[in-house]
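Per-entry structural report
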Amino acid sequence: MNGLVTAIHEGLRSAADPAKAPEMQRYMKSEMPFLGVPKPERARLARSLFGEFPFTSRDEWLDAVLELWRGATYREERYLALDLVGRYPKWQDPTLLPVYDELVVTGAWWDFVDEIASRRIGPLLRAHPDDVEPVVRTWMTDPDRWRRRVSIICQLGSKGETDLDLLRDAIEANIADPDFFLRKGIGWALRQHARVDPGWVRAFVEAHPELSPLSRREALKHL
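Below is a summary of the structure that appears in this document. (Residues numbered from 1 in each chain as written. Predicted model: local features only at pLDDT ≥ 70, side-chain atom pairs only at ≥ 80, totals over all residues. Heavy atoms only, no water.)

Attention now moves to the layout of surface pockets. If a probe the size of a water molecule is rolled over the atoms, the empty space left behind becomes visible. The computed volume of the largest pocket comes to approximately 650 Å³. When residues of the lining of the largest pocket are traced back to their parent elements, those giving at least two are α2 (21–28), α3 (39–52), α5 (75–85) and α7 (110–127). Counting residues per element, the lining of the largest pocket draws most heavily on α7, at 7 residues. Residue composition of the lining of the largest pocket, grouped by class: 10 nonpolar, 2 polar and 10 charged. Estimated volume of the second largest pocket: approximately 220 Å³. Together, Trp 110, Asp 114, Arg 149, Phe 180, Phe 181, Lys 184, Trp 188, Arg 191 and Glu 218 line the second largest pocket. Mapped onto the lining of the second largest pocket, the elements with two or more residues apiece are α7 and α11 (180–193). Tallied by class, residues from the lining of the second largest pocket come to 4 nonpolar, no polar and 5 charged. (1 Å grid on protein atoms, 1.4 Å probe; cavity = no way out; pocket = protein on both sides within 12 Å on 5 of 7 lines; lining within 4 Å. Points joined across faces, edges and corners; volume = space filled by probe spheres on them. Helix = DSSP H or I, 4+ residues; strand = E, 2+ residues; numbered from the N terminus. Nonpolar A, V, L, I, M, F, W, Y, C, P; charged D, E, K, R; others polar.)

Below, the structure written as structure tokens:
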């Protein structure tokens, strides 16, 4: 086992609070249990251990991420895997898309998926649109609802760089789906873009009366 992965397992268990774990699991509606390590303590542990166990090899870093993610028995271990992903921005490129796809599909819940979509796939889309956009487009109509949610919300941080054709197509592909997470994601994506282009969002909502009440309410929340 990678030295960092071992240290993370040990560090999380040392910081565990069994009294907090059940409530954290109930709040997240998670099948995977928690150890009861709150976010500030996880952040301190990550800073300490990532500094103690640096990576000079991209392959070794990626192996550690996947070892930690795939071997996780507690949710905090996967949170640390996502933190480790963000530790090395120099290694972010479109070849990581299959890895992020695995994390989305196996994570299969909003806390994991939303971070991967907005903080990992979104920046890759902006930096490498020719490589990433075709993949995102395949996710728009994928049977997996979390891939579809990624296609909708991956541009949350794009602001003026938002690919409006991609945003429109992702929403229209899922506009009739009754799934809560897709409807919420549609509203969230529109609400976020309204910060930079309220006119486009108003026009989009007006032109799409089939938007669910949830999506419409979220889209117009600050307009």
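So, next bit.
Right, let's get into helix α1 (residues 3–15). Its 13 residues place the ends of α1 18 Å apart at the C-alpha level, agreeing with the 18 Å of an ideal helix rising 1.5 Å per residue. Where α1 is concerned, the buried positions are Leu 4, Val 5, Ala 7, Ile 8, His 9, Gly 11 and Leu 12. Contacts from the buried residues of α1 go to α3, α4 (58–70) and α5. Between a side-chain oxygen at the N-terminus of α1 and the backbone nitrogen of Leu 4 the separation is 2.8 Å; the capping residue is Asn 2. (Expected span 1.5 Å × (residues − 1). Buried < 20%, exposed > 50% of the residue type's maximum accessible area, 1.4 Å probe, protein only. Contact = heavy atoms within 4.5 Å. Polar contact = N/O pair within 3.5 Å; in protein donor to acceptor, adjacent residues only side chain to side chain.)

Let us look at helix α6 (residues 97–107). Of all the positions in α6, only Leu 97, Val 99, Tyr 100, Asp 101, Leu 103, Val 104 and Gly 107 are classed as buried. In this structure, the buried side of α6 is in contact with α4, α5, α7, α8 (129–139) and α9 (145–153). After α6 finishes, the residue Ala 108 shows a positive phi value of roughly 50°.

With that settled, the discussion passes to the nonpolar core. By size, the foremost hydrophobic cluster in this structure holds 71 residues, and its most contacted members are Trp 61, Leu 84 and Ile 121. Discounting residues that sit within four places of it in the chain, Leu 84 has contacts with Leu 4, Phe 50, Phe 55, Trp 61, Ala 64 and Val 65. (Core = buried A, V, L, I, M, F, W, Y, C linked by side-chain atoms within 4.5 Å.)

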